[in-house]
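Reading the structure
What follows is each chain in one-letter form.
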Amino acid sequence: MAVTLSEAAARHVTRYLARRGKGVGVRLGVKTTGCSGLAYKLEYADDVTPDDVVFEHLGVKVLIDPKSLPYLDGTELDFVREGLNEGFKFHNPREKDRCGCGESFRV
């Protein structure tokens, strides 16, 4: 089981945490919502909780709650710039379908 980051995502998280002046990494998860059933959650984490499953890739800690891990196993978190937009993108091999609005997915 593993969750990884692209080099671009690792650079972005590292820079953001340095500017922020605190934080241990990024917390990923899923929540039930949308037309396809699940949506990704992403936030910067200030601490590791006892329940967190912790991966470290390219010097960045990725924290995941145990309930989300089966949905995220094998995922690569990327950071992309497309025109004037930029943001995180999930490359999840378990994702089977995505709703038309792009907000939710199904495994």
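This report concerns the structure included in the present document. This structure is a prediction, so every number in the text was calculated from the model and none was measured.

1. A look at the sheet that holds strand E1 (residues 4-5)
In spatial order, the strands read E1-E6-E7; together these 3 strands make up an open sheet with mixed pairing. Sheet topology places E1 and strand E7 (85-91) at the edges, where each strand pairs with a single neighbour. Sheet topology places E1 next to strand E6 (residues 76-82); 2 bridges connect them, and they run parallel. By the bridge assignment for E6, Thr4 is matched with Glu76.

2. A few points about the packing of aromatic side chains
Summed over the entire model, instances satisfying the criterion amount to 3 aromatic pairs. Ring geometry for Tyr40 and Phe90: centres 3.9 Å apart, planes at 5°, overall stacked. Of the two residues, Tyr40 is situated in strand E3 (residues 37-45) and Phe90 in strand E7; the sequence distance between them amounts to 50 residues. When its relative accessible area of 16% is taken as the criterion, Tyr40 is described as buried. According to the relative accessible area criterion, Phe90 is buried, its value standing at 15%. Between Phe79 and Phe88, the aromatic rings sit 5.2 Å apart at their centres with planes inclined by 70°, giving edge-to-face as the arrangement.

3. Quick word on unusual backbone geometry
In this model, Leu58 sits at a positive phi of 55°, which is unusual for a non-glycine residue. On the secondary structure map, Leu58 appears in the loop between strand E4 (53-57) and strand E5 (60-64).

4. As for the side chain of Ser6
Locating Ser6 in the fold gives a position in the loop between E1 and helix H1 (7-20). Judged by relative accessible area, Ser6 falls into the buried class, the value being 10%. If we ignore the near neighbours within four places in the chain, the residues touching Ser6 are Leu58, Glu76, Leu77, Asp78 and Phe79.

5. Brief notes about the pairing of E7
As a general feature of sheets, a regular strand has side chains that alternate between the two faces. As defined by bridge partners, E6 adjoins E7 across 7 bridges and the pair is classed as antiparallel. Each residue of the ladder has a partner; that of Val80, found in E7, is Gly87. What sits between E6 and E7 in their antiparallel hairpin is a turn of 2 residues, with Gly83 showing a positive phi close to 65°.

6. Structural notes on H1
The terminal C-alpha atoms of H1 lie 20 Å apart, and with 14 residues this matches the ideal 20 Å at 1.5 Å per residue to within 8%. Here H1 has its buried residues at Ala9, Ala10, His12, Val13 and Leu17. Buried residues along H1 cover an arc of 165° about the axis, so they all sit on one side. For H1, the exposed residues lying more than 90 degrees away from the buried face are Glu7, Ala18 and Arg19. One or two positions beyond H1, positive phi appears at Gly21, with a value near 80°.

Cut-offs used in this document
Residues numbered from 1 in each chain as written. Predicted model: local features only at pLDDT ≥ 70, side-chain atom pairs only at ≥ 80, totals over all residues. Heavy atoms only, no water. Pairing = 2+ DSSP bridges. Helix = DSSP H or I, 4+ residues; strand = E, 2+ residues; numbered from the N terminus. Phe/Tyr/Trp six-rings, centres within 6.5 Å; stacked < 30°, edge-to-face > 60°. Buried < 20%, exposed > 50% of the residue type's maximum accessible area, 1.4 Å probe, protein only. Contact = heavy atoms within 4.5 Å. Expected span 1.5 Å × (residues − 1). Arc of directions from axis to C-beta.

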